[in-house]
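Reading the structure
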Amino acid sequence: MAEQTGAGGLEGVIAAAQAVQEGAPKKRGLPPVHLWNPPHCGEIDIFIRKDGVWFHEGTPIGREALVRLFSTVLRKDPDGIHLVTPVEKMRIRVEDAPFVAVRVDQVEGEGGAPVLRFLTNVGDEVEAGPDNAIRVEMGEGGEPRPYLHVRRGLEALIARPVFYELVELAEARETPQGPTLGVASNGAWFPVGPARAHLL
């Protein structure tokens, strides 16, 4: 069983993540967690529920700024999702996806082409397209489970009201699987359900 990291580990992650943020130019964006190779320090008792609520030792983390800070140092590795700093790496538990897409806006891109711009629960703005795909899995009972790629393998579960908006924006196309509803964004097309899904 993996080693459990206590509150000291949490404080260390907070301090290291803050140091990274403070040391980076404002326009630089997210920390380069993909370039860091710190030692694995076990697990920390942080759990992200499927509705996007973060917990530490069973208690919801109520500080929105702290959740957003942690979200900037998340990394998906083959053995799971971790909080990563230049000096340590600690695995956390995630019930579904680490983020939730809570809003979508359809805007005009180059040449008037449609662009779907999403907002996540931690403040990420993501444009769907070739690098950030939308995919829909079918859950138990035939319920759709839609996801948006956010960055480097980390995804957002698309909230149900947002998915309904996508279905309303969708148009049917003929595919090898038959008539399929889908949405276009940044030159890519993403199936979201059967052609009559919007009538269900």
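Residues numbered from 1 in each chain as written. Predicted model: local features only at pLDDT ≥ 70, side-chain atom pairs only at ≥ 80, totals over all residues. Heavy atoms only, no water.

**Things to note about the overall build of the protein**
Along the backbone of the protein there are three helices and 16 strands. The 200 residues of the protein split such that 44% are buried. Partitioning the contacts of the protein with sequence separation of at least 6, the portion at a separation of at least 24 is 51%. (Helix = DSSP H or I, 4+ residues; strand = E, 2+ residues; numbered from the N terminus. Buried < 20%, exposed > 50% of the residue type's maximum accessible area, 1.4 Å probe, protein only. Contact = heavy atoms within 4.5 Å.)

**Here we look at helix α3 (residues 160-169)**
All of the buried residues in α3 are Val162, Phe163, Leu166 and Val167. Summarising the axial view, the buried residues of α3 lie within an arc of 145 degrees, below the 170-degree limit, and thus occupy one face. Within α3, the exposed residues directed more than 90 degrees away from the buried face are Pro161 and Glu168. (Arc of directions from axis to C-beta.)

**Considering the nonpolar core**
Among the nonpolar cores identified, the biggest contains 46 residues, and Trp54, Phe70, Leu74, Leu83, Phe118, Ile134 and Ile158 are the most heavily contacted of them. Residues within four places of Ile134 in sequence aside, it is in contact with Leu116, Phe118, Ala128, Tyr147, Leu148, Ile158, Leu166, Val183 and Phe190. (Core = buried A, V, L, I, M, F, W, Y, C linked by side-chain atoms within 4.5 Å.)

**Observations regarding the confidence of the model for the protein**
Taken residue by residue, the protein gives an average pLDDT of 88. The fraction at 70 or more is 88%. Note on residues 1-7: pLDDT under 50 across the span, and 12 contacts to partners over four residues away in sequence or across chains. (pLDDT = per-residue confidence, 0-100.)

**Here we look at the side chain of Arg151**
Secondary-structure assignment places Arg151 in strand β12 (residues 144-151). We classify Arg151 as buried; its relative accessible area is 11%. From its side chain, Arg151 meets the backbone oxygen of Ser71 in a polar contact 2.5 Å long. The residues touching Arg151, leaving out its near neighbours within four places in the chain, are Leu30, Ser71, Thr72, Phe99 and Asp124. (Polar contact = N/O pair within 3.5 Å; in protein donor to acceptor, adjacent residues only side chain to side chain.)

**Describing the packing of aromatic side chains**
Applying the stated criterion to the full structure yields two aromatic pairs. When the ring of Phe47 is compared with that of Phe55, the centres are 6.3 Å apart and the planes differ by 40 degrees; the resulting orientation is tilted. Geometrically, the ring pair formed by Trp54 and Phe70 is stacked, given 6.1 Å between the ring centres and 25 degrees between the ring planes. Of this pair, Trp54 sits in strand β3 (residues 54-56) while Phe70 is found in helix α2 (residues 64-71), placing the two residues 16 residues apart along the sequence. Taking relative accessible area as the criterion, Phe70 reaches 0% and is therefore assigned buried. (Phe/Tyr/Trp six-rings, centres within 6.5 Å; stacked < 30°, edge-to-face > 60°.)

**Some thoughts on unusual backbone geometry**
Positioned with a positive phi, Arg152 is a non-glycine residue whose angle comes to about 45 degrees. In this fold, Arg152 is placed in the loop between β12 and β13 (154-158). Taking relative accessible area as the criterion, Arg152 reaches 49% and is therefore assigned partly exposed.

**Here's the deal with the pairing of β12**
Within β12, six of the eight residues are buried, which leaves the element mostly enclosed by the surrounding structure. In terms of strand pairing, strand β11 (residues 134-138) meets β12 through five bridges, oriented antiparallel. Following the sheet pairing, Glu137 is matched in β12 by Arg145. Between β11 and β12, which follow one another and run antiparallel, lie five residues, and Gly141 among them has a positive phi close to 80 degrees. As judged from the four bridges shared by β12 and β13, these two strands associate in the antiparallel manner. Across the sheet, residue His149 finds its bridge partner in β13, namely Glu155. In this structure, the hairpin formed by β12 and β13 is closed by a connection of two residues, where Arg152 is found at a positive phi of approximately 45 degrees. (Pairing = 2+ DSSP bridges.)

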